[in-house]
Structures are given as C-alpha cells and as structure tokens.
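# Inside the fold
Residue-level listing of the chains:
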Amino acid sequence: RMSLPKITTGSKNLDTLLGGGIEVKTITELFGEFGSGKTQICHQLAVNVQLPPEKGGLSKRAIYIDTEGTFRWERIEAMARAIGMNPDEAMENILYVRAVNSDHQMAIAEELKEIIPKENIGLVVVDSITGHFRAEYPGRENLAVRQQKLNRHLHQLMSIAELFDVAVVVTNQVMARPDVFYGDPTVAIGGHVLYHAPGIRVQLKKSRGNRRIARVVDAPHLPESEAVFAITEAGIRD
Ligand code: GTP
Ligand code: MG
C-alpha cells in the first residue's frame, strides 16, 4: 500500500493503530457513543494538520463543518497552546462552517471543490455526518430516503478526498447498544455509515475516567487491535 501523508492524532497509541495517523485521500469515520471522544479528536486534528510534516502535520489548514454546534474555539486555543503553537494563528487556520440542516450540509460539501485549492486545506471535518439526516428522516419508515441522501453526501466527500490531498474525517454517533436499532444500517451492528464505501472506520469506546479505547474495523491492511488514549486538558494524548 502506497504511503500517504498522515496527520498525527496526538496519541502515539492511536497513531500506531491507524498505521501512522489520519491519512490524506481517505475518509476516516469516527463512530461511537456520546462522550467517546469523536469531537475532541476532530478538534485535535484541526490543530495538528497545521504542524509541519516533521511534527506530524501537513503545514495546511482545516475546514470544520459543525452540524451539532459543539465546536469550541477555547478548546482549539488550549490544544494549540499545549503544543507551542500560536493560538490566534491556530484559530485563523480553521475555517469554521455551521451546517443548519442536511441540505445546507450537502451544499457546503459541494462548495469544497472551490474552497480547498484556494485555502491550502489539508483536513475536512464533518462533525457529525449523520445528525441532521437522522433528525430529518427519523425512524425506519424514512430509512431508504435517508440512506440515499447520506450516500450522495458520502460520495461528495469521497470525490473530494480523491481529488485533493486532504484527509476527510467524519463522525457518527452510535448507541452503546446498537442491537436496539437492529435493521438500521446507519446504527446497526458495527454502526458505521461507511459500511460499503472505501475508508477507515474507527470505533471509539469509553473506558475509565478520561481513557478511551479505539478499534479499527474492516481494514484488511491494518492489524485487528485496540489502542488506549486519553482526553486531557492539553488534548488527545496516550
Ligand atoms: P457526542 O458528540 O455526544 O456523540 O460525543 P463525542 O464522541 O463527540 O464526545 P466528545 O469528543 O465531545 O468527548 C467528550 C469528552 O471529552 C467529555 O466527556 C470530556 O471527558 C472530554 N472533554 C471535553 N472537553 C474537554 C476539555 O475542555 N477538557 C478536558 N480535559 N476534557 C474535555
Ligand atoms: Mg461530538
């Protein structure tokens, strides 16, 4: 497998699990229950993509598409400070977009083709990819339409990952007991939305205190193993 540039997560354990970090030209799906660390990892990556390659970044900027209103500039400041990065510069290098509904989210994704080459973007975050779709097309009776729209959105993001040297990271909240939602492929066993799309699926689980456990699912080129990481004041660490 060709070695692609990667962005460090801030945790050596997690980087090792991922074969070095979050890869460009690839969609990485972070899925797991509430509080499992999806949003915190996205914040950390938006900071770390700005690092020079020798420090685990791409010397590039990030676009953060926030669908849930959980993005926090203060968190970016703290994470930047913790690695000796100027917090104001770190914030200037993150293009924040709030997507108010699924149509808006897809319209933003369409615009990425113009924005990415102009703005020296190395990372696109969609946190979360599923929230609006689930809210607007609830229940099993809307499943087919929801999945169809979500697939179209995924294809937008896939073509962006393929066209440009950017990493695309999406999050997907799944319940701790996915069996309750058996039959819904967006929350079924495994729980991930990329289940028939190329990409890396990372399952996150809560452990004791600030500890979290990550596992890569369905990735033949990566070992079936787990990594333990922590969500600290400074950000994602071992
Ligand atoms: P949902 O979006 O609800 O599905 O959860 P998530 O997977 O995005 O979880 P998130 O990344 O928001 O993780 C939340 C956890 O991160 C909290 O339970 C805290 O333990 C930790 N956390 C969030 N903000 C801070 C912070 O400012 N400092 C520290 N030390 N920990 C934080
Ligand atoms: Mg979140």
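Residues numbered from 1 in each chain as written. Chains lettered and ligands numbered in written order. Predicted model: local features only at pLDDT ≥ 70, side-chain atom pairs only at ≥ 80, totals over all residues. Heavy atoms only, no water.

## What about the site of ligand 1?
Surrounding ligand 1, one finds 15 residues, the nearest of these being Gly 35, Lys 38, Thr 39, Gln 40 and Glu 233. At a separation of 3.0 Å, an oxygen atom of ligand 1 approaches a polar backbone atom of Gly 37. Between Gln 40 and ligand 1, the recorded distance is 2.8 Å, taken from a backbone N or O atom to an oxygen atom. About the coverage of ligand 1: the protein hides 68% of its 650 Å² of free accessible area. (Near = heavy atom within 4 Å. Polar contact = N/O pair within 3.5 Å; in protein donor to acceptor, adjacent residues only side chain to side chain. Areas by Shrake-Rupley, 256 points an atom, 1.4 Å probe, with all protein chains shown as cover.)

## Some remarks on the environment of Leu 143
Within the secondary structure layout, Leu 143 lies in helix α7 (residues 143-163). Remark: the alpha-carbon pair of Leu 143 and Phe 133, spanning 10 residues in sequence, is separated by 9.8 Å. (Helix = DSSP H or I, 4+ residues; strand = E, 2+ residues; numbered from the N terminus.)

## Side note on the pairing of strand β7 (residues 167-173)
Within a regular beta strand, the side chains point alternately toward one face of the sheet and then the other, so they alternate between its two faces. Counting buried positions along β7 gives six out of seven residues, so the element sits mostly inside the fold. As judged from the four bridges shared by strand β6 (residues 121-127) and β7, these two strands associate in the parallel manner. Bridge pairing in β7 links Leu 123 to Ala 167. (Buried < 20%, exposed > 50% of the residue type's maximum accessible area, 1.4 Å probe, protein only. Pairing = 2+ DSSP bridges.)

## A short note on the pattern of salt bridges
Tallied over the full model, the rule gives six salt bridges. Note that Lys 6 and Glu 23 form a salt bridge whose closest N and O atoms lie 3.8 Å from each other. Taken together, the positions of Lys 6 in strand β1 (residues 6-7) and Glu 23 in strand β2 (residues 22-23) put the pair 17 residues apart, joining distant regions of the chain. For Glu 23, a relative accessible area of 7% translates into the label buried. Between Arg 61 and Glu 119 there is a salt bridge, with the nearest N and O atoms lying 2.7 Å from each other. Residue Arg 61 is located in strand β4 (residues 61-66), and its partner Glu 119 is located in helix α5 (residues 102-119); the two are separated by 58 residues in the primary sequence. Owing to a relative accessible area of 18%, Arg 61 belongs among the buried residues under this scheme. Glu 119 sits in the partly exposed class, given a relative accessible area of 30%. (Salt bridge = Lys/Arg side-chain N within 4 Å of Asp/Glu carboxyl O.)

## Some words on the packing of aromatic side chains
The way to describe two aromatic rings as a pair is by their centre distance and the angle between their planes. Tallied over the full model, the rule gives four aromatic pairs. Considering the side-chain rings of Phe 71 and Trp 73, the 4.8 Å spacing of their centres and the 85° angle between planes classify their relative orientation as edge-to-face. Taking the relative accessible area as the measure of exposure, Phe 71 reaches 7% and is therefore buried. Accessibility expressed as a relative area gives 30% for Trp 73, which makes it partly exposed. (Phe/Tyr/Trp six-rings, centres within 6.5 Å; stacked < 30°, edge-to-face > 60°.)

## Here's the deal with the sheet that holds strand β5 (residues 94-98)
The mixed open sheet is built from nine strands, whose spatial order is β5-β4-β6-β7-β3-β8-β9-β10-β11. Edge positions in the sheet fall to β5 and β11 (235-237), since each of these pairs with one other strand and no more. The average angle at which neighbouring strand axes cross in this sheet is 25°, direction not considered. Across seven bridges, the pairing between strand β3 (residues 26-32) and β7 is parallel. Directly across from Thr 28, in β7, lies its bridge partner Val 169. (Axes fitted to C-alpha atoms, helices over the stretch in contact; angles between N-to-C directions.)

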